[in-house]
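Inside the fold
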Amino acid sequence: MIRDQSEILDRLTRLDLVSAFDNKRVIITGSRGFLGQAFVRTFAALGSDVVAIDRYALASELGAAPPVQLRNVEHVDWDVTKSDFPVHGAVHYILSLAAIASPIHYARRPLDCFDVIVNGTRHMAELAARKGATMLLSSTSELYGNPPPSSLEGAFGGSTENQLAVLDPWRTVRARAYDVPKLASEALAAIFSDANVNMRTVRYFNIFGSGLVRGDFRVMSKFAASVVDGKPLTVFGGGFQTRSFCYLTDAVVGSVLALVKGDSAPYNVGNPTFECSMRELAEIFARIGNQITSKTIEVISVTPPDAYAHEPRRRRPNIARLSKLGFNPRIGVEDGVRRFLTWALEHY
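Residues numbered from 1 in each chain as written. Predicted model: local features only at pLDDT ≥ 70, side-chain atom pairs only at ≥ 80, totals over all residues. Heavy atoms only, no water.

1. Focus: the nonpolar core
Residues Phe39, Phe43, Phe285 and Val337 are the most contacted members of the largest nonpolar core, which totals 71 residues. With eight residues, helix α8 (residues 248-261) is the single largest residue contributor to this core. Beyond its immediate chain neighbours, meaning those up to four positions away, Phe285 contacts Met220, Phe223, Ala224, Val227, Leu233, Val337, Phe340 and Leu341. (Core = buried A, V, L, I, M, F, W, Y, C linked by side-chain atoms within 4.5 Å. Buried < 20%, exposed > 50% of the residue type's maximum accessible area, 1.4 Å probe, protein only. Helix = DSSP H or I, 4+ residues; strand = E, 2+ residues; numbered from the N terminus. Contact = heavy atoms within 4.5 Å.)

Structure below.
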């Protein structure tokens, strides 16, 4: 984690982004989440006064990590679904990250998930309007659904920001509890942007890295937990569906670039260079796990659940818009998995 933080700061310095946050006040919602904690550390290290907001009872119930304790970080236990967050004085930046993003949790608490994403976004955007702050909204690549059928036959340049899917809330729990609310939050960002509020939106593509807790229950944390426990890695069916995984350091740098240098239209934040199938990912975890644990980790196939039929077959970002601002993801899947597993062996 120290290596990750040092790398983030070095890259932000090289991109001439550090001075934008010196002695600035930054509010971060969802501050105990995976990305939230990384941003809290980053902005604190950049010299900002950070107000870290999270709903502590819910965060603890969902298995979030303890709050980051740093001198220039003020922790606030607050429910973002409530309006009128009590903040006095200047606010320069707001990062709206609050969400219930783990599949097992949003399936159990769909109304909480919907409420946090939609009303949390609106209340932070209203605060940005009152304070004249620039706000970064965390959105998702789930909005792209399945790419065009032609993309399954070979070359695919990745989903561009104007290729959204038609989302059907009746189709899956994830669609109605997570995907559609995320789209609604982007609609709110557009509405507030029309009202001259400085809004930035980033759509994350499968971010992972040090700090991703065991109870996240997405594929990266599930594979890491299996390696730590010395259990087989399970893939559904042939494991042919692909994802483009982006390491934490790249995601933070890309987000800060969008926040400082971007415009109001959405940006894809991901790494298109390292698209791999679930089977390939499991084999990477097994190989690296075998190397660093001396355990024999196997990969096995299991019959997929019914909900698996609605999973996108391929996901890859087109990052041309963000690349124009200087974004260049550096960490490949194998390097990222090695870093992540090394961290997980100490914390899982």
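Further notes follow.
2. Some remarks on the pattern of salt bridges
A side chain of one charge can pair with a side chain of the opposite charge when the charged atoms of the two come close. Under the definition given, this model contains 21 salt bridges. Between Asp250 and Arg11 there is a salt bridge, with its nearest N and O atoms 2.7 Å apart. Of this pair, Asp250 sits in helix α8 while Arg11 sits in helix α1 (residues 2-14), and the two are 239 residues apart along the sequence. Of the two residues, Asp250 and Arg11, both sit in the buried class. Note that Asp179 is salt-bridged to Arg174, the shortest N-O span being 3.3 Å. Taken as a pair, Asp179 and Arg174 share a single burial class, namely buried. (Salt bridge = Lys/Arg side-chain N within 4 Å of Asp/Glu carboxyl O.)

3. Focus: the environment of Thr273
With respect to the helices, strands and loops of the structure, Thr273 is situated in the loop between β11 (267-269) and β12 (275-277). Judged by its relative accessible area of 57%, Thr273 is exposed.

4. Some words on the environment of Pro103
You can see Pro103 is positioned in helix α4 (residues 103-108). Measuring from C-alpha to C-alpha, the distance between Pro103 and Arg315 comes to 17 Å, with 212 residues separating the pair along the chain. Sequence-distant contacts of Pro103, defined by excluding residues within four places in its chain, comprise Asp216 and Arg218.

Distances and angles like these do not, on their own, reveal function.
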